[in-house]
Amino acid sequence: MKDQVDYSLYLVTDSTEAILGSRDLVQVVEQALLGGVTVVQYRDKTSDTGDLIKTGKALHEKCRKHNVPLVINDRVDVALAVGCEGVHLGQDDMNVSEARKLLGDDKIIGATVSSIEEARIAVERGADYLGIGTLYATSTKKNTKDIIGINGIRRILRYLDTKGGASKNVKTVCIGGVNALNVQRVHYQLHAPSDAKTPKSIDGVAVVSAIIGAEDVEQAAANLKTLLSTSPNFI
Ligand code: TZP
Ligand code: MG
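Residues numbered from 1 in each chain as written. Chains lettered and ligands numbered in written order. Predicted model: local features only at pLDDT ≥ 70, side-chain atom pairs only at ≥ 80, totals over all residues.

With an unreviewed UniProt entry as reference, the chain is termed Thiamine biosynthetic bifunctional enzyme, source organism Didymosphaeria variabile.

In structure tokens, the structure reads:
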């Protein structure tokens, strides 16, 4: 099941006033699901554990209706309590191998990486996918230490490709500042011609404000999806 996950339009939630405003997160995510997002990550840095589990369960119910996996940011315990499909771990969270012991092989574990070394370690520890970034500076996450740009992401993709094995098979999404204006360029720049000795292609884009912050969330997600599927690429 987890091998079949479509990472192409990966939604990361945000519950802050600046992006969600006074709207209800579960309703907003439901609209995004209707628009066609393919993975949802529940990212909430402020709610207490009880509220994380409650909202996580409500989000999980919506995601299941659309057959879309839900992963929880930062918290393996919350993912276990919710019973969702997995977790997404940053460099300061539980490490991937410890999480794997708690979650088992069937759950999805994603890791944020900004460098080849971080990618190497995450893959070695058994990550299923990598969130590679930060692509472009973004006001959604102000404390991003590493803005690595398209070339930084390409370098990591190239490394994964040349290492082969699990590195080659790990799924990848890029994150940071992706929106309707740049998504086709990003997609194009991170896709490799199938006949060239260039790195593996990115599997998807991860987006926060371009969907959660949109006035019409369903339309914004659907638009990104169309742009991705009509993007010129070399595959
Ligand atoms: N990690 C790196 S950048 C980022 C995260 C969670 C936020 C991306 O937000 P946006 O609004 O899609 O630029
Ligand atoms: Mg984290």
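Alright, that's what it looks like, and here's the rest.
1. A few points about helix H6 (residues 149-163)
Rules: Each helix corresponds to a stretch of at least 4 residues labelled H or I by DSSP, and each strand to a stretch of at least 2 residues labelled E; elements are numbered beginning at the N terminus. Expected helix span is taken as 1.5 Å per residue step, with the number of steps being one fewer than the number of residues. Counting other C-beta atoms within 10 Å of its own, a residue is labelled buried from 20 upward, exposed at 12 or fewer, and partly exposed in the gap between, with every C-beta atom placed from the backbone. What the arc measures is the spread of directions leading from the helix axis to the C-beta atoms.
The terminal C-alpha atoms of H6 lie 22 Å apart, and with 15 residues this matches the ideal 21 Å at 1.5 Å per residue to within 8%. Those residues of H6 lying buried are Ile153, Ile156, Leu157 and Leu160. Along the axis of H6, the buried residues cluster in a sector spanning 100°; they form a single face. Residues of H6 that are exposed and point over 90 degrees away from its buried face: Asn151 and Thr162. A positive backbone phi angle near 65° is found at Gly164, which sits one or two residues after H6.

2. Focus on the packing of helix H1 (residues 25-35) against helix H10 (residues 217-229)
Put simply, the rule reads: Axis lines are fitted to C-alpha atoms, over the contacting stretch for helices. Their N-to-C directions set the angle, which ranges from 0 to 180 degrees. Less than a right angle of anticlockwise turn of the near helix away from the far helix marks a crossing as left-handed, whereas a clockwise turn marks it as right-handed. Contact definition: two residues whose C-beta atoms, as placed from backbone geometry, lie within 7 Å. Residues are grouped as follows: nonpolar covers Ala, Val, Leu, Ile, Met, Phe, Trp, Tyr, Cys and Pro; charged covers Asp, Glu, Lys and Arg; every other residue, Gly included, is treated as polar.
H10 packs onto H1 with a crossing angle of 35° between their chain directions and a minimal axis gap of 7 Å. H1 and H10 meet at a crossing whose hand is right-handed. Here H1 contributes Val28, Gln31, Ala32, Leu34 and Gly35 to the contact with H10, which in turn contributes Val217, Glu218, Gln219, Ala220, Ala221, Ala222 and Lys225. In terms of residue class, the contact of H1 with H10 is built from seven nonpolar, three polar and two charged.

3. Points about the environment of Val113
Mapped onto the elements, Val113 comes out in strand E5 (residues 108-113). When the 25 C-beta atoms within 10 Å are taken as the criterion, Val113 is described as buried. For the pair Val113 and Val39, spaced 74 residues apart in the sequence, the C-alpha separation amounts to 18 Å. In contact with Val113, other than residues within four places in its own chain, are Glu118, Ala119, Ala122, Leu130, Ile132 and Ile156.

4. A closer look at the site of ligand 1
Filter applied, for reference: Placing a C-beta atom from the backbone of each residue, we mark the residue near a molecule or strand if the atom is within 6 Å of it.
The local shell around ligand 1 holds 15 residues, among which Thr138, Thr140, Gly176, Val208 and Ser209 are the closest. Taken together, the residues that form the shell around ligand 1 break down as six nonpolar, eight polar and one charged.

5. Some details on the pairing of strand E6 (residues 129-133)
Going by this rule: When DSSP locates at least two bridges between a pair of strands, those strands are taken to pair. Look down the strands so they point away from you; if going from the first strand over the helix to the second traces a clockwise path, that crossover is right-handed.
Across the five residues of E6, five count as buried, placing the element largely inside the fold. For E5 and E6, the ladder comprises four bridges, and the chain directions are parallel. Each residue of the ladder has a partner; that of Gly110, found in E6, is Tyr129. Read as a crossover between parallel neighbours, the route from E5 over helix H5 (residues 116-124) to E6 is right-handed. The pairing of E6 with strand E7 (residues 171-175) spans five bridges and is parallel. If you follow Gly133 over to E7, its bridge partner there is Ile175.

6. A closer look at the sheet that holds strand E2 (residues 39-42)
Taken in spatial order, the eight strands line up as E1-E2-E3-E4-E5-E6-E7-E8 and close into a barrel, and their pairing is parallel. On average, each strand axis in the sheet is tilted by 25° relative to the strand beside it, whichever way the strands run. One ladder, built from three bridges, connects strand E1 (residues 9-12) with strand E8 (residues 204-207); its direction is parallel. By the bridge assignment for E8, Leu11 is matched with Val207.

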